[in-house]
Amino acid sequence: MSSSSDKRRRARVQGGWAAPQRPKKSSASSSAPSEPEKSRIYEGQAWMGKIVDQPTTGKKFIYREPEEEIRVKPPDKVITKPGVYDISESEIGTSRLRFFPEFIESKEADWFYDQFYQDLPWRQRSDVKNGESYLQPRLTAWFGEHPYSYSGVTHDKNSEMTPALRHLKARLEEATGYKFNSVLANLYRDGHDHVPWHSDDEKSLRSQPTIASLSFGDTRNFELRKKAPPGEDANYEYAQHVSMPLNQGSLLIMEGAVQEDWQHRIPREYHDRGPRINLTFRIIYPD
Ligand SMILES: O=C(O)CCC(=O)C(=O)O
């Protein structure tokens, strides 16, 4: 993992120095200014209803409305229906999500949930950030032909998938045509457990990885936000957001540029939530 007011107005006061305009000759002589006043009007400028001297150049400052650069936050998208969603296009390609809310039927999904809850070697690991170690706000387990490292955590090689994991891997491979060699399992014990914004963009996943994510247990909201284009500051205030409730038995496939162009997270919830297990099947290459 590596680690919104909708408008911003960047207004600059604009204007320019313009050549003076002579007072019109036709003005009534009774209201004509006296000689010294004439020259002051001619030389000066009207500013907030007052005459302000501009003695040297004979030019006056013409005020123009500030030019406004308006940056609009694209509307948030919520995906709830099955389908293929191309959420962005960039120089590096399409960011594609495929969503199958009922990939595993509910009773069967309950069964898988129980198996994984009991059988997987759950542990609370620590992320290391800026030399400091933080307990991850969730439990994890790793199965893979190679070790997997991210955010200072290393999961050792563990090639012995449980029968239930092997069964699901085979089903996913048949449905997607990909050959996965590993799975990262996350257990969110309640609504406080979460995974912060990140991208699955480790070298060991190579570029544009396909990641198949299966969910069991309580529904949690999966959120994505678009990264700023290269060269722009990493300000997410105007970033596009996509969210999808990942329910029991759902399959989400992330493909193409999703990891390069977007970040994702499971946010902490402020309502009660039951436990949830998420399995992300991946293809890992040796470092
Ligand atoms: O729990 C989820 O749905 C997402 C898990 C995740 O972001 C990850 O394993 O990288």
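Rules behind the numbers
- Residues numbered from 1 in each chain as written.
- Predicted model: local features only at pLDDT ≥ 70, side-chain atom pairs only at ≥ 80, totals over all residues.
- Heavy atoms only, no water.
- Helix = DSSP H or I, 4+ residues; strand = E, 2+ residues; numbered from the N terminus.
- Expected span 1.5 Å × (residues − 1).
- Buried < 20%, exposed > 50% of the residue type's maximum accessible area, 1.4 Å probe, protein only.
- Arc of directions from axis to C-beta.
- Contact = heavy atoms within 4.5 Å.
- pLDDT = per-residue confidence, 0-100.
- Near = heavy atom within 4 Å.
- Polar contact = N/O pair within 3.5 Å; in protein donor to acceptor, adjacent residues only side chain to side chain.
- Areas by Shrake-Rupley, 256 points an atom, 1.4 Å probe, with all protein chains shown as cover.
- 1 Å grid on protein atoms, 1.4 Å probe; cavity = no way out; pocket = protein on both sides within 12 Å on 5 of 7 lines; lining within 4 Å.
- Sits in = over half its atoms within 2 Å of the grid points.
- Pairing = 2+ DSSP bridges.
- Phe/Tyr/Trp six-rings, centres within 6.5 Å; stacked < 30°, edge-to-face > 60°.
- Lys NZ or Arg CZ within 6 Å of the ring centre and 35° of its normal.

Trainee: Looking at this structure, how should I read helix H3 (residues 163-176)?
Mentor: Owing to its 3.6 residues per turn, the α-helix aligns residues three or four sequence positions apart on the same side. Here H3 is 14 residues long and its end C-alpha atoms lie 20 Å apart, about the 20 Å a rise of 1.5 Å per residue gives. Within H3 the residues assigned to the buried category are Ala-164, Leu-165, Leu-168, Lys-169, Leu-172 and Glu-173. Looking straight down H3, one finds its buried side chains confined to an arc of 165°; they lie on one side. Exposed residues on H3 whose side chains face more than 90 degrees from its buried face are Pro-163 and Glu-174. In this structure, the buried residues of H3 make contact with helix H2 (106-119), strand S10 (139-144), strand S13 (182-188), strand S15 (211-217), strand S18 (251-256) and strand S20 (276-282). Where H3 terminates, the next one or two residues include Gly-177, which has phi positive at roughly 85°.

Trainee: I would appreciate a short explanation of the confidence of the model for the protein chain in the present structure.
Mentor: The share of residues in the protein chain with pLDDT of 70 or more is 79%, and the mean pLDDT across the chain is 84. Note that residues 4-13 has pLDDT below 50 and, in this model, 27 contacts with residues that lie over four places away or in other chains. pLDDT under 50 marks residues 22-54. Its contacts with residues more than four places away, or in other chains, come to 24 contacts.

Trainee: Whenever I open this one, the site of the ligand confuses me. Can you help?
Mentor: Around the ligand, a shell composed of 14 residues is seen, among which Asn-186, Tyr-188, His-198, His-264 and Arg-276 lie nearest. Side-chain polar atom of Asn-278 to an oxygen atom of the ligand: 3.2 Å apart, as the coordinates give it. Starting from 300 Å² of accessible surface for the ligand in isolation, the protein chains cover 99%. For the ligand, the cavity whose grid points lie within 2 Å of the majority of its atoms is the largest cavity.

Trainee: Looking at this model, I keep getting lost on the sheet that holds strand S14 (residues 195-198). Mind explaining?
Mentor: Pairing between sheet strands relies on hydrogen bonds along the backbone, with the strands arranged either parallel or antiparallel. Taken together, five strands build an open sheet; the order of strands is S5-S17-S16-S19-S14 and the sheet is mixed. Each edge of the sheet is formed by a strand with only one pairing partner; in this case those strands are strand S5 (77-78) and S14. Summarising the sheet, S5 and strand S17 (residues 241-246) pair through two bridges and their orientation is parallel. Directly across from Lys-77, in S17, lies its bridge partner Val-242.

Trainee: Would you explain the side chain of Ser-88 in this entry?
Mentor: Take Ser-88: it is sitting in strand S6 (residues 83-90). In this structure Ser-88 comes out as buried when scored by relative accessible area, which is 11%. Polar side-chain contacts of Ser-88 include one of 2.9 Å to the side chain of Trp-262. Not counting residues up to four positions away in its chain, the partners in contact with Ser-88 are Gly-93, Thr-94, Ser-95, Lys-226 and Trp-262.

Trainee: Mind showing me how you'd approach H2 here?
Mentor: An ideal rise of 1.5 Å per residue puts 20 Å on 14 residues; H2 measures up with 20 Å between its terminal C-alpha atoms. Within H2, burial applies to Ala-109, Phe-112, Tyr-113 and Phe-116. Here the buried residues of H2 occupy an arc of 105° about the axis, which is enough to place them on one side. Across from the buried face of H2, at angles greater than 90 degrees, the exposed residues are Lys-107 and Gln-118. The N-terminus of H2 is capped by Glu-105, whose side-chain oxygen sits 3.1 Å from the backbone nitrogen of Lys-107.

Trainee: I'm lost on the packing of aromatic side chains in this one. Help?
Mentor: Two aromatic rings are characterised by how far apart their centres lie and by the angle between their planes. Scanning all chains against the criterion turns up nine aromatic pairs. Plain terms: the ring middles of Trp-111 and Phe-112 are 5.2 Å apart, the flat faces sit at 75° to each other, and that makes the pair edge-to-face. The aromatic ring of Tyr-236 is capped on one face by Arg-225, whose charged end is 3.6 Å from the ring centroid.

Trainee: What is the right way to look at the pairing of strand S9 (residues 132-135) in this model?
Mentor: A regular strand places its side chains so that they alternate between the two faces of the sheet. Examined bridge by bridge, strand S8 (residues 126-129) and S9 share four bridges and lie antiparallel to one another. Across the sheet, Lys-129 pairs through a bridge with Glu-132, a residue of S9.

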